Each structure stands twice: as structure tokens, then as C-alpha cells.
Amino acid sequence: MCYHVQVENRIVSLVIDATDAELLARFWAAALGWQVVNRGSYGVSIGADGVPFEIDFRLVPDGPKPAKNRLHLDIKPVSGDQAAELGRLLSLGARQADVGQGVRNWYVLADPEGNEFCLCRP
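Throughout this description, residue numbers start from 1 for each chain and increase along the sequence as written. Where local features are concerned, this predicted model is filtered to residues with pLDDT of at least 70; where side-chain atom pairs are given and counted, the filter is 80 or more; whole-chain, interface and lining totals use all residues. Only hydrogens and water are set aside when side-chain values are computed; all heavy atoms of the structure are taken into account.

A.B. asks: Go over the overall build of the protein chain, please, and point to the residues and values.
C.D. replies: Only DSSP runs of H or I covering at least 4 residues are called helices, and only runs of E covering at least 2 are called strands; the numbering of each starts at the N terminus. Looking only at helices and strands, the protein chain features 2 helices and 8 strands. Ordering the α and β elements of the protein chain from the N terminus gives β-α-β-β-β-β-α-β-β-β. Across its three principal directions, the C-alpha atoms of the protein chain cover 50 × 40 × 30 Å. Residue contacts follow a heavy-atom distance rule, with two residues in contact if any of their heavy atoms lie within 4.5 Å. Taking the contacts inside the protein chain whose residues are at least 6 apart along the sequence as the reference set, 52% of them involve residues at least 24 apart. Averaging the positions of the 12 positive and the 15 negative side-chain charges in the protein chain gives two centres separated by 5 Å. Within this scheme the basic residues Lys and Arg register as positive and the acidic residues Asp and Glu register as negative, but His and the chain ends are omitted. Charge placement uses NZ in Lys and CZ in Arg. For Asp and Glu, CG and CD serve respectively.

A.B. asks: Outline the sheet that holds strand β4 (residues 54–59), listing residues and values.
C.D. replies: Sheets are built from strands paired through backbone hydrogen bonds, the pairs being either parallel or antiparallel. One requirement defines pairing of two strands: DSSP has to find at least two bridges between them. Strand order in the open sheet formed by 4 strands is β1-β4-β3-β2, with mixed pairing between adjacent strands. Either end of the sheet is taken by a strand with one partner, and the two such strands are β1 (13–18) and β2 (35–40). Neighbour-to-neighbour, the strand axes of the sheet open up by a mean angle of 20 degrees, direction not taken into account. Orientation is described by lines fitted to C-alpha atoms, with helices fitted over the stretch in contact, and by angles between N-to-C directions that extend from 0 to 180 degrees. Against the sheet, helix α1 (residues 21–32) engages β1, β2, β3 (43–47) and β4, with an angle of about 10 degrees to β3.

A.B. asks: Got a sec to walk through the layout of surface pockets? Specific residues and values, please.
C.D. replies: Roughly 150 Å³ of internal volume is contained in the second largest pocket. Definitions used for this entry: grid spacing 1 Å over protein atoms alone; cavity, a set of points where a 1.4 Å probe fits but cannot get out; pocket, an open set with protein on both sides within 12 Å along at least 5 of 7 lines; lining residue, one with an atom within 4 Å of a point. Together, A31, L32, I75, K76, P77, V78, S79, E85, R88 and L119 line the second largest pocket. Of all the secondary-structure elements, those providing two or more residues to the lining of the second largest pocket are α1 and α2 (82–92). For the lining of the second largest pocket, a count of residues per class yields 6 nonpolar, 1 polar and 3 charged. Grid points are joined across faces, edges and corners, and a volume is the space filled by probe spheres set on the points. Each residue is assigned to one class: nonpolar for Ala, Val, Leu, Ile, Met, Phe, Trp, Tyr, Cys and Pro, charged for Asp, Glu, Lys and Arg, and polar for all the others, Gly among them.

A.B. asks: Describe the environment of P61, with residues and values.
C.D. replies: Inspection of the secondary structure puts P61 in the loop between β4 and β5 (73–75). Each C-alpha atom, one on P61 and one on R39, is 18 Å from the other, the two residues being 22 residues apart in sequence.

A.B. asks: Explain α1 to me, and be specific about the residues and the numbers.
C.D. replies: Counting along an α-helix, one turn takes 3.6 residues, and residues three or four places apart therefore face a common direction. Helix span, expected: 1.5 Å multiplied by one less than the number of residues in the helix. Its 12 residues place the ends of α1 16 Å apart at the C-alpha level, agreeing with the 16 Å of an ideal helix rising 1.5 Å per residue. Residues of α1 that are buried: A21, L24, A25, F27, W28, A29 and A31. Of the residues flanking the end of α1, it is G33, one or two places downstream, whose phi is positive at about 75 degrees. Only protein chains enter the area calculation, which uses a 1.4 Å probe; residues under 20% of their type maximum are buried, those over 50% are exposed, and those in between are partly exposed.

A.B. asks: Just give me the short version of α2, but keep the residues and values in it.
C.D. replies: Those residues of α2 that sit buried are Q82, E85, L86 and L89. The arc enclosing the buried residues of α2, seen along the axis, measures out at 105 degrees, which places them on a common side. Summarising the geometry of α2, the exposed residues directed more than 90 degrees from the buried face are A83 and S91. In the core, the buried residues of α2 are packed alongside α1, β5, β6 (95–96), β7 (107–110) and β8 (116–119). Polar contacts, as counted here, are pairs of nitrogen or oxygen atoms within 3.5 Å of one another; within protein the pair requires one atom able to donate a hydrogen and one able to accept it, and residues that are adjacent in sequence qualify only if both atoms are side-chain atoms. Residue D81 occupies the N-cap position of α2, its side-chain oxygen lying 3.3 Å from the main-chain nitrogen of A83. Trailing α2 by a residue or two, G93 shows a phi angle of about 125 degrees, which is positive. The directions from the helix axis to the C-beta atoms are what the arc is built from.

A.B. asks: How would you explain the pattern of salt bridges if you had to name every residue and give the values?
C.D. replies: Salt bridge criterion: a side-chain nitrogen from Lys or Arg within 4 Å of a carboxyl oxygen from Asp or Glu. Applying the stated rule across the entire model yields 4 salt bridges. Measuring nitrogen to oxygen at the nearest pair gives 2.8 Å for the salt bridge that ties E85 to R88. Residue E85 and its partner R88 are located together in helix α2, separated by 3 residues, close to a single helical turn. Its relative accessible area of 13% is what places E85 among the buried residues. What you see here is one network of salt bridges that share partners, running through E22, R26 and R39.

Here it is as C-alpha cells:
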């Protein structure tokens with residue numbers, strides 16, 4: 001016998017721990033072309049018009065992140081110019097990171113609190 005259960009859940013936000021939620025929200029809002037949509041005692045949320053998904057930066061008291069992420073974002077330049085986007089992200093406060101990736105056609109970067117993310121090729 002086969003049972004079919006219909007589940008209607010969807011992911012509505014990604015929560016990232018932060019010691020400076022405002023700083024990370026500003027960085028990621030600029031990096032993604034989004035805006036701050038909510039501020040509260042818990043932290044700061046960013047989103048985009050018409051997109052039913054937010055990134056929430058939650059204040060945590062445990063200091064800087066201790067190790068490599070277990071989850072990271074992959075972003076792709078909409079313009080198609082990976083080199084220009086790399087320069088823009090670095091100017092916003094990202095830094096290049098070495099997680100043992102070797103020479104690849106993408107870049108591993110870290111946001112201002114050290115959370116790794118990848119800048120993929122277009």
C-alpha cells in the first residue's frame with residue numbers, strides 16, 4: 001500500500017546568527033539588491049519586493065563564528081560580469097576566503113563576520 005500525504009510547507013526565511021545584525025543586514029541587502037524589511041530586539045530582516053523569502057540576522061551573544069559554515073549561500077551576478085561583481089562585493093566589506101577550494105571558476109568569499117559564501121560564474 002502507498003500512502004500519499006500532501007505537505008504544504010515552504011521555507012520563508014533563512015536565519016543567520018550575528019554579533020552585529022545591523023552590519024550583516026546592510027552588507028547582504030547591498031550585495032543582493034534587497035532592503036531592510038524589519039528591525040526588532042531579535043535582529044534585522046532583509047527581503048526583496050514581491051519575494052516571499054527573507055534573510056533574518058539574529059543577535060547572538062557567543063561572539064565570532066568559530067569554524068567553517070555548515071550552510072552557505074551561492075550567489076550569481078545578474079549582470080553576467082563576475083569580475084565586476086567580485087570587486088563590488090569586496091568594496092562592500094567581503095573578503096576572499098580559502099577553505100581549501102583550490103583554483104576554481106568561482107570565488108569563496110566571507111561576509112563582514114566571516115560567514116563564507118560563493119560567487120559563482122554567470
